[in-house]
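Structure assessment
Next come the chains, spelled out residue by residue.
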Amino acid sequence: MANEQQDSLDVPAIGRSRHLADDLLAEADIRINGDRPWDLQLHREEALDEIIARHSMGLGETYMRGDWDVQALDEFFYRLLAADLGRRIKNWRNAWRVLRSYFLNLQSRRRAFKIGEHHYNLGNEFYTTMLDNRLTYSCGYWPGANSLDDAQTAKLDLICRKLDLQPGMKMLDIGCGWGSLIGYAAQKYQVECVGVTVSSEQSAYVKERYPDLPVAVHLQDYRDLNESFDRIASVGMFEHVGRKNHRTFMEVAKRCLKKDGLMLLHTIGKIEPAPNNPWIDKYIFPNGEIPAAGQITLAAQGLLVCEDLHNFGPDYDKTLMAWHRNFEQNWPRFADRYGKHFYRMWRYYLLSCAGAFRAGKIQLWQWIFSNDRSWGVERIC
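Let me sum up the structure you'll find in this document. Everything numeric here is computed off the predicted structure, so don't read it as measured data.

Some words on the nonpolar core
Core analysis: the largest hydrophobic core is formed by 68 residues, its most contacted members being Trp68, Phe76, Tyr137, Trp279, Trp346 and Tyr349. Among the elements that line this core, the one with the most residues is helix α15 (residues 335-358), at twelve residues. When residues no more than four places from it in sequence are discounted, the contact partners of Trp68 are Leu40, Gln41, Leu42, His43, Ile51, Leu59, Thr62, Tyr63, Leu73, Phe76, Arg344 and Tyr348. In terms of nonpolar packing, the next biggest core, distinct from the first, is built from 27 residues, Leu172, Phe229, Cys256 and Ala299 among them.

Remarks on the pattern of salt bridges
Tallied over the full model, the rule gives 27 salt bridges. Among the ionic pairs, Arg358 bridges to Glu75, the shortest N-O distance being 3.1 Å. Placement of Arg358 in helix α15 and of Glu75 in helix α4 (residues 73-82) is noted, with a sequence separation of 283 residues between them. Residues Arg243 and Glu289 are paired through a salt bridge, measuring 2.5 Å at the closest nitrogen-oxygen approach. Within this pair, whereas Arg243 is found in the loop between β6 (229-235) and α11 (246-256), its partner Glu289 is found in the loop between α12 (278-283) and α13 (293-300), the two being separated by 46 residues in sequence. One continuous salt-bridge network, built from bridges that share partners, spans Asp29, Arg36, Asp39, Asp74, Glu75, Arg79, Asp317 and Arg358.

Focus: α4
Within α4, seven of the ten residues are buried, leaving the element largely enclosed by the surrounding structure. What α4 keeps buried is the set Leu73, Asp74, Glu75, Phe76, Phe77, Arg79 and Leu80. Among the residues trailing α4, Asp84 stands out with phi positive, at a value near 55 degrees.

Rules used in this analysis
- Residues numbered from 1 in each chain as written.
- Predicted model: local features only at pLDDT ≥ 70, side-chain atom pairs only at ≥ 80, totals over all residues.
- Heavy atoms only, no water.
- Core = buried A, V, L, I, M, F, W, Y, C linked by side-chain atoms within 4.5 Å.
- Buried < 20%, exposed > 50% of the residue type's maximum accessible area, 1.4 Å probe, protein only.
- Helix = DSSP H or I, 4+ residues; strand = E, 2+ residues; numbered from the N terminus.
- Contact = heavy atoms within 4.5 Å.
- Salt bridge = Lys/Arg side-chain N within 4 Å of Asp/Glu carboxyl O.

Written out as structure tokens, the structure reads:
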């Protein structure tokens, strides 16, 4: 017995990491250096130590360095997440991240423009090649759609119909991006639109693209809004609000929404409250926090009435894969500007998220809220 214990102690750490990684990945039907598209091809054995020690952060950073590859990275993550390997791995760093989100306001006014500078200001030229022809940076709606452009047009029209837009109305878009929704609503539904964004690149693009439409865009924090609107939409922005500001967001919506108004909230959602993925937080969406359904309903309680909830999370898998195809096709135009490190980071971001939606670990929700209990679901469906 003593000899067996000594033999175990004498096994190099790197050997123990390989053994543990083999066991964990086997539960997801993934093999190291296997011959299937979703198998992990290991280029540097020491990377396993970092992955085992630092979990999602170690996995992402070793990939960015080129320590490993997977041909079908989306399928790799689908299998990894569907196997729910998190139940086998407990990370004390996640406890700190949960506590930090409770005690610190990571999405304060002082930090509000950080995400715009870090992510959305990469350059309009870059996003033009990855997104659809209106630069819609949120989940498309794919039933009946044959292309990314079709799916995004269908999503924009779905939003307008859910909001029951009528000519002459005034609509606010909180987090308007490159203006796809306000441009579409103004042109197709003859409504006056106001958008707010924290990205200078997006603001400039909207002003240049829609000079002849009744569209205005403001570079400002949503908390400064104090104007009356018939309708409010927020598409893909609530993920940047944070739990400490969920109630404030709903208070702003209540303040700006007319008594008989409607708000559509389009957001990624989690099944239960959990800290954001640390790799995503560091490299892609600083200070982001995906909400749980209970957090949204609690934030709106006593302010707005939930009239409808629509989940089409699988459509985000298709959207992300379409973005990835465009990214790969156009990468040669940006390779010298952004470099290999960015390429691997962005590929990891798009395909890991596609795998997460495919596994059902994150959802895509459209909520409809009214400011008047007399609406009734039949009036908006």
